[in-house]
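Chain residues, written in single-letter form:
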Amino acid sequence: MLKITNLHATVADTPILKGLNLEINAGEVHAIMGPNGSGKSTLAAVLAGRDGYEVTAGSIEYLGRDLLALAVEERARAGVFLAFQYPVEIPGVSNMEFLRASLEAVRSHRGEPNLSAVEFMKLARATSAQLQLDPEFLKRGVNEGFSGGEKKRNEILQMLLLQPNLAILDETDSGLDIDALQVVADGVNALRSPERAIIMVTHYQRLLDYVVPDQVHVLADGRILRSGGRELALELEAKGYGWLRDDAA
Amino acid sequence: MSKNLGQLDRMVHGAYEAGWTTDIESDTLAPGLNEDTVRFISARKQEPEWLLQWRLKAFRHWQTMVHPEWAHVHYPPIDYQSISYYSAPRRPGEGPQSLDEVDPELLRTYEKLGIPLHERAALAGVAVDAVFDSVSVVTTFKDKLAEAGVIFCPISEAVREHPELIRKYLGSVVPFRDNFFAGLNSAVFSDGSFVYVPKGVRCPMELSTYFRINARNTGQFERTLIVADEGSHVSYLEGCTAPQRDENQLHAAVVELIALKGAEIKYSTVQNWYPGDAEGRGGIYNFVTKRGIAHENAKISWTQVETGSAITWKYPSVILQGDNAVGEFYSVALTRGMQQADTGTKMVHVGRNTRSTIVSKGISAMRAENSYRGLVHIGAGAENARNHTQCDSLLIGDRCGAHTFPYIESRNPSATVEHEATTSKVGDDQLFLCRQRGLDPEKAVSMIVNGFCKQVFRELPMEFAVEAGKLLEVSLEGAVG
Amino acid sequence: MTTMKRSERIEVFARTARTRSENFPADTGVLGRLRAAGRAAFSAAELPNPKTEAWKYSRIGPLLEQGLLDRAPAGAAATARPIPGLDVQSIAILDGIPQPLPTFTPGVSVTSFAALSGAEAAAVETHLGRLAAVSERPFVALNAALLEDGLLIQVAPGVDVALPIELLLAQSDGAAPRGVHPRVLVIVGQGARATLIERHLGAAMAFTNSVVEVVLADGAQLDHLRLALDAGRGRWLSALDVELGRAARYHLWQAQLGAAFRRNEIRIRLAGEGAEVTVSGAGLTRNNAHLDNQLCLEHRVPRGTSTQVFRNIAGETSRGILNGRIHIHRGAQKTDAQLHTKSLLLSSRAEIDVKPELEIYADDVKCAHGATLGQLDANALFYLRSRGLDETAARTLLSFAFLAEVVDGFPVDAVREALRPALAQAFAAPAEEDAP
């Protein structure tokens, strides 16, 4: 589904990604771990097409297409979803209004008919209930005055509604207590299917207890330093990132 | 429902490039302004002597006044002698004969706004009679108002039918000495609406100029007077979301509201006069004086959505005269292209326990200039007066300007005034979030801007609010990028 | 005697000023040229009238009284009252007359305009009248037109001056009405750092029309304290024009009591990227005093920050005015500019006028202002009274605390220490029935 080849990217002329290679197939869940500043969030931002992240070399192929040639919203409509590390507030725009506009944009791209207001409401309510969010929450401004945990659950809510092909979760687990983590993980697991792929960017292996990955990659200094199975994450937890670097050196 | 068909005759499809285009016909006064002009207007309207004398006094005073220079707007000097101050109602046969003759660009805008076909014709100034095929609706409407005792008619008619009310209230809130444009209006006002709601009556429906037949050709110097007697309630809607064309470049209207003890007046405006072309040529100069006086326990609420006109100069105000009076001002002003707006309000607290709320949202795009100017004055006797002002500006692009000029004056130690102003732009991260969820940039911007304005939109009557949202969306097209 | 009509008084004032300026001997030096420019500008200018926007809340009546353009008699000298415990190097202009200069710490030089030479002359040539242009404000023009001498204060590049520099503008008590027009140019060199304590002293009926220009080179820092703690009959009109270079820092701290007329016209221009400005102002007016602060923060280039905080209290029949304008020029992206002001009215015959303004021509900026007018917290009042304070004492204490929010941030310990009793005394003084 996703093939990243020799990816180099800079932020404000500072090289962050330095030759990253990664391949993810449909049905797989990959975890990307690494120390602060290793380029994890940069990778997520580059995949989504955020301004200010410049790809200087390499390619990204997504479902057989050149992902980098697509505008942000085109990637979204083609099924690339980014759950933000720091979800953005949009005052005055209700969550409901936003979700509906977004869902319509994505569905109409897929050639699916728009949901009626009633159908949409039903779906939105059911999905919020699944994430243990009060339906009142749909009427509030997008992320406006939400707690950290609510913001993260709101991201998952959007993900479940939009049903993406490729979901990228950028440190969605940070700042969540155990109960909230469980709810978020249930949401992610609900999305797992043979047609979809999920990338979880995380700093801690804790999330991986709840969403078990098929592969774990360690990112350091802009490159994948090592890949392995679930056990790699546990090893990291025990030994920290230092031994990998020493190893590599 | 809320399209202002009453003004249809004014909306001709005119070539603004030519500037002051006034057809000089037998029934139209030649350009120029002197006492004879004032006498002519008064005579043509068959006005009583006292009103003529009032106009003349206003005119004489106006001649001593100087054109205001303090607003943050720039335009070439206006030659008041080059304007025609009277033209008789338009007859069928003038103007475009069918929609085929109308500027396709204008029609596309109507389509985007979802304006019904027959209304499009009216708005574009096509001379058709068919727009009033809903005469029965109007009749029902009039019957209902009459039953409630509400008077709603052209002010010229009220001068004849209800002289005691006009004499008592005309100029009582906005005296002709008030300012240059109010002085001019008082001398030469063409026509406008008059509303009287009797004691204790809740007006059975929202009053819109839409229903006011005979409102044709109210002209560029419109005069509106609304009197809500004790304990009454009225909601008045003015304007239209569709871009309105007018052959007259200068508009100097006066609106006076009187809310007697315990009365409530809600006045909503959507203003979308022709803003001029991309280079700022043509476009309406909208210099309006709107003010209300709220007596004891009365409430006056102004809500405005201003998207049109080349220049907007207006400060709908409330004099909180009586104890416990309430004043509100909710405003969205959007400027784009070369538009300039200097708009805000004055809340003058005189009575005890008076309260006022100001919410102003200014959006500036392209090369436009948008200023909020507001006064909160707390008089020495205004014990426990309260004001809260929230004044936010949104800039779209780096060639526009957004300004805030609040004046806060207090003479009472028990008063509380809170003023906050912020400036922001449509955030890159907000845009990114919307686009990452599949929205195109224009849709994203209009959604964010609508969110920014929500506090004001929710004060509008329902159908106006929906239209206002749409209006912003259409107005923002091409402003982003 | 004020039986003349306003227009006549203005005419007499303007004519007297012109005549006085014309009486200066011809001079082609920098002073002479500034005088000539000032004279021309003053003659062409219209004095502020009630419709002049910048003077909306200040009437010039108190400045038009007879004798306020007279020179102080030679030899008249006010006394400088030192701040207890404050160690400074002091420059005094007493009754308009610069006093003999002491020696200064290394890196600080102070020269009267009359004694300029070499690089100093060049610096004055470059900067004098550049920030405070004669064309824009009639009283700045008047200062130039009647300029007798002035002072150049320079801090050499890279020097960190530990000992504060004190600038005293003092008017002696009890003398006949008179007017003085002090002029100071401060240049802080690249990377240099200094503290300037400017004090306005005197309660006599005298007109002090000062103009201070401050130029901060790249990376320079100045802590500027301005204290005016004498109420009374003084007429103080003070123009302060500041320009900051790249990454320069300017911190202004004002603590002022109102007087018969006190108006500060402060313009701060961020002309180099990354410059930083903070302004903290505390104002108290009592009886029929007048205190007007007019500020304009001009962000001309990107990445500047400015923060302004004000506290004002007005009692009896006094008037406190604040006009705080933030002007973001086109292209000054990434600016962060904030202004917050709180005011308290203590009497229904007093008046507070606040006008925070934003004028913004750049979109990627963070700008906000907030203004509140209110009263003392009723709960706090009740709490104090329940602990035995009478209402007046409780109110005084809380009002004082209101100003202390700003005053406690002042950077020089001895100044902070001196401010508390000075303000407490200003609060405690009984209201005057009839004002000067």
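None of the values given here were measured: they were computed from a predicted structure.

## Digging into the overall build of chain B
Okay, step 1: Looking only at helices and strands, chain B has 11 helices and 19 strands in total.
Okay, step 2: The 481 residues of chain B split such that 65% are buried.
Okay, step 3: Counting only contacts in chain B whose residues sit at least 6 apart along the sequence, the fraction spanning at least 24 positions is 85%.
Okay, step 4: Put simply, chain B shows about 16,900 Å² of open surface, and 50% of that area lies on carbon and sulfur atoms.

## Regarding the overall build of chain A
Okay, step 1: Assigned secondary structure in chain A consists of 9 helices and 12 strands.
Okay, step 2: On C-alpha atoms alone, chain A measures out to a radius of gyration of 18 Å, which is about the 18 Å that the 2.2 N^0.38 rule sets for 249 residues.
Okay, step 3: Burial status across chain A gives 55% buried among its 249 residues.
Okay, step 4: Taking the intrachain contacts of chain A between residues at least 6 apart in sequence as the baseline, contacts between residues at least 24 apart amount to 67%.
Okay, step 5: Counting every atom, chain A has about 10,400 Å² of accessible surface; 48% of that belongs to carbon and sulfur.
Okay, step 6: For chain A, the distance from the average position of its 25 positive side-chain charges to the average position of its 34 negative side-chain charges is 2 Å.

## Side note on the pattern of salt bridges
Residue and element names in this part refer to chain C.
Okay, step 1: Summed over the entire model, instances satisfying the criterion amount to 63 salt bridges over all chains.
Okay, step 2: As a salt-bridge pair, R33 and E125 come within 2.9 Å of each other at their nearest N and O atoms. Here E125 lies in helix 3 (residues 118-127) and R33 lies in helix 2 (residues 30-44), a separation of 92 residues in the sequence.
Okay, step 3: The class for E125 is partly exposed, based on a relative accessible area of 42%.
Okay, step 4: The closest approach of N and O atoms between E166 and R199, which form a salt bridge, is 2.9 Å. Of the two residues, E166 is situated in strand 5 (residues 165-170) and R199 in strand 8 (residues 193-201); the sequence distance between them amounts to 33 residues.
Okay, step 5: According to the relative accessible area criterion, E166 is buried, its value standing at 5%.

## Some thoughts on the packing of aromatic side chains
Okay, step 1: Within the structure shown, the criterion is met by 27 aromatic pairs over all chains.
Okay, step 2: Arranged with centres 5.5 Å apart and planes meeting at 80 degrees, the rings of W62 of chain B and Y80 of chain B form a pair that is edge-to-face. Of the two residues, W62 of chain B sits in helix 2 (residues 49-63) while Y80 of chain B sits in the loop between helix 2 and helix 3 (104-113), which places them 18 residues apart along the sequence.
Okay, step 3: Residue classification places W62 of chain B among the buried residues on the basis of a relative accessible area of 8%.
Okay, step 4: A relative accessible area of 9% means that Y80 of chain B is categorised as buried.
Okay, step 5: Within the aromatic cluster, the residues linked to one another by ring pairs are F59, W62, W70, Y75, Y80, F180, F181, Y285, F287, W313 and Y315 of chain B.
Okay, step 6: One residue, R35 of chain C, lies across the ring of F24 of chain C, its end atom 4.3 Å from the ring centre.

## Observations regarding helix 1 (residues 6-22) of chain C
Residues and elements named next belong to chain C.
Okay, step 1: Its 17 residues place the ends of helix 1 24 Å apart at the C-alpha level, agreeing with the 24 Å of an ideal helix rising 1.5 Å per residue.
Okay, step 2: Those residues of helix 1 that fall on the buried side of the exposure criterion are R9, I10, F13, A14, A17, R20 and S21. Buried positions in helix 1, seen along its axis, are confined to an arc of 130 degrees and lie on one side of it.
Okay, step 3: Where helix 1 is buried, its residues touch helix 2, helix 4 (138-145) and strand 9 (206-216).

## Quick look at the environment of R178 of chain C
Residues and elements named next belong to chain C.
Okay, step 1: Mapped onto the secondary structure, R178 falls in strand 6 (residues 178-180).
Okay, step 2: Residue classification places R178 among the buried residues on the basis of a relative accessible area of 1%.
Okay, step 3: It is 36 Å that separates the C-alpha atoms of R178 and F402, two residues lying 224 residues apart in sequence.
Okay, step 4: Beyond its immediate sequence surroundings of up to four residues, R178 is in contact with G67, L68, D70, R71, A72, D95, Q171, S172, A204, M205, A206 and F207.
Okay, step 5: Only 2.9 Å separates the side chain of R178 from the side chain of D95, close enough to count as a polar contact.
Okay, step 6: Within the structure, the side chain of R178 is placed 2.7 Å from the side chain of Q171, a separation counted as a polar contact.

## Describing the interface of chain B and chain C
Okay, step 1: Contact residues are listed per partner, giving 32 residues for chain B and 36 residues for chain C.
Okay, step 2: Both faces combined, the contact of chain B with chain C buries some 2,800 Å², and carbon together with sulfur accounts for 48% of it.
Okay, step 3: There are 2 salt bridges connecting chain B and chain C.
Okay, step 4: One salt bridge connects K425 of chain B with D364 of chain C, and the closest N-O pair in it is separated by 3.9 Å.
Okay, step 5: On the surface where chain B and chain C come into contact, there are 21 residue pairs in polar contact (both at pLDDT 80 or more).
Okay, step 6: Residue assignment for the side of chain B that touches chain C shows that the elements contributing at least two residues are strand 18 (401-410) and strand 19 (416-425) of chain B.
Okay, step 7: Here the side of chain B that touches chain C is composed, by residue class, of 12 nonpolar, 12 polar and 8 charged.

## With respect to the sheet that holds strand 1 (residues 2-11) of chain A
Residue and element names in this part refer to chain A.
Okay, step 1: Strand order across the open sheet formed by 4 strands is 2-1-4-5, with antiparallel pairing between neighbours. Edge positions in the sheet fall to strand 2 (14-24) and strand 5 (65-66), since each has one partner strand and no second.
Okay, step 2: Bridging between strand 1 and strand 2 involves 8 bridges; their strand directions are antiparallel. Considered in strand 2, the bridge of V11 is made with T14.

## Details of the environment of C203 of chain B
Okay, step 1: By the element assignment, C203 of chain B lies in the loop between strand 2 (193-197) and strand 3 (207-208).
Okay, step 2: With residues up to four places along the chain from it excluded, the contact list for C203 of chain B reads L145, V150, V197, H233 and V234 of chain B.

## Considerations on the confidence of the model for chain B
Residues and elements named next belong to chain B.
Okay, step 1: Considering every residue of chain B, the mean pLDDT works out to 83; 78% of them sit at 70 or more.
Okay, step 2: The secondary-structure element of chain B with the lowest mean pLDDT is helix 4 (residues 117-123), recorded at 57, while strand 12 (residues 317-320) shows the highest, at 98.
Okay, step 3: Counted against residues more than four places away or in other chains, residues 126-137, with its pLDDT under 50, gives 19 contacts.
Okay, step 4: Note that residues 211-218 has pLDDT below 50 and, in this model, 26 contacts with residues that lie over four places away or in other chains.
Okay, step 5: Per the prediction output, this complex has pTM 0.86; the corresponding ipTM is 0.91.

## Considering the nonpolar core
Okay, step 1: Ranked by size, the top nonpolar core spans 101 residues in total, and within it L207 and V234 of chain B together with L216, L244, Y250, I268 and I328 of chain C carry the most contacts.
Okay, step 2: Once you skip the residues sitting within four places of it in the chain, L216 of chain C turns out to touch V188, L222, E243, L244, G245, A248, R249 and Y250 of chain C.
Okay, step 3: Ranked by size, the runner-up nonpolar core spans 71 residues in total, among them V359, M447, A468 and L471 of chain B.

## What about the sheet that holds strand 9 (residues 166-170) of chain A?
Residues and elements named next belong to chain A.
Okay, step 1: One open sheet accounts for 6 strands, arranged 6-9-10-3-11-12; its pairing is mixed. Every other strand in the sheet has two partners, leaving strand 6 (80-83) and strand 12 (223-228) as the edge strands with one partner each. Taking the axes of each pair of neighbouring strands and ignoring which way they run, one obtains an average angle of 20 degrees across the sheet.
Okay, step 2: Where helix 5 (residues 148-162) meets the sheet, its contacts fall on strand 6 and strand 9, and the angle it forms with strand 6 comes to roughly 165 degrees.

## Side note on the packing of helix 5 of chain A against helix 6 (residues 178-191) of chain A
Residues and elements named next belong to chain A.
Okay, step 1: One way to put it is that helix 5 packs onto helix 6 with a least axis distance of 10 Å and a crossing angle of 15 degrees. Classified by the angle between their axes, helix 5 and helix 6 sit roughly parallel to one another. Note on packing geometry: the crossing formed by helix 5 with helix 6 is left-handed. Listed contacts from helix 6 to R153, I156, M159 and L160 of helix 5 are V183, V184, G187, V188 and L191.

## Quick notes on the interface of chain B and chain A
Okay, step 1: Contacts between the two partners involve 18 residues from chain B, matched on the other side by 30 residues from chain A.
Okay, step 2: Among the salt bridges present, the one from E97 of chain A reaches K454 of chain B, with a minimum N-O distance of 3.0 Å.
Okay, step 3: Contributions of two or more residues to the side of chain B that touches chain A are made by helix 9 (428-436) and helix 10 (441-457) of chain B.
Okay, step 4: Counted by class, the side of chain B that touches chain A contains 8 nonpolar, 4 polar and 6 charged residues.

## Focus on the pairing of strand 1 (residues 89-94) of chain C
All names here are of chain C.
Okay, step 1: The buried fraction of strand 1 amounts to 5 of the 6 residues, a majority that puts the element mostly inside the structure.
Okay, step 2: Here strand 1 pairs with strand 5 via 6 bridges, running parallel. When the bridges of strand 5 are listed, A92 appears paired with L168.
Okay, step 3: Taken together, the 2 bridges between strand 1 and strand 2 (residues 97-98) define a ladder with antiparallel strand orientation. Note that in strand 2 the partner of L94 across the bridge is I97.
Okay, step 4: In sequence, strand 1 turns back onto strand 2 through a hairpin of 2 residues, with D95 there showing a positive phi of about 50 degrees.

About the criteria used
Residues numbered from 1 in each chain as written. Chains lettered and ligands numbered in written order. Predicted model: local features only at pLDDT ≥ 70, side-chain atom pairs only at ≥ 80, totals over all residues. Heavy atoms only, no water. Helix = DSSP H or I, 4+ residues; strand = E, 2+ residues; numbered from the N terminus. Buried < 20%, exposed > 50% of the residue type's maximum accessible area, 1.4 Å probe, protein only. Contact = heavy atoms within 4.5 Å. Areas by Shrake-Rupley, 256 points an atom, 1.4 Å probe, with all protein chains shown as cover. Rg over C-alpha atoms; globule rule 2.2 N^0.38 Å. Lys, Arg positive; Asp, Glu negative; His and termini not counted. Charge placed at Lys NZ, Arg CZ, Asp CG, Glu CD. Salt bridge = Lys/Arg side-chain N within 4 Å of Asp/Glu carboxyl O. Phe/Tyr/Trp six-rings, centres within 6.5 Å; stacked < 30°, edge-to-face > 60°. Lys NZ or Arg CZ within 6 Å of the ring centre and 35° of its normal. Expected span 1.5 Å × (residues − 1). Arc of directions from axis to C-beta. Polar contact = N/O pair within 3.5 Å; in protein donor to acceptor, adjacent residues only side chain to side chain. Buried area = accessible area lost by both parts, 1.4 Å probe. Nonpolar A, V, L, I, M, F, W, Y, C, P; charged D, E, K, R; others polar. Pairing = 2+ DSSP bridges. pLDDT = per-residue confidence, 0-100. Core = buried A, V, L, I, M, F, W, Y, C linked by side-chain atoms within 4.5 Å. Axes fitted to C-alpha atoms, helices over the stretch in contact; angles between N-to-C directions. Parallel < 35°, antiparallel > 145°, perpendicular 65-115°, else oblique. Left-handed = near helix turned anticlockwise from the far one by under 90°.

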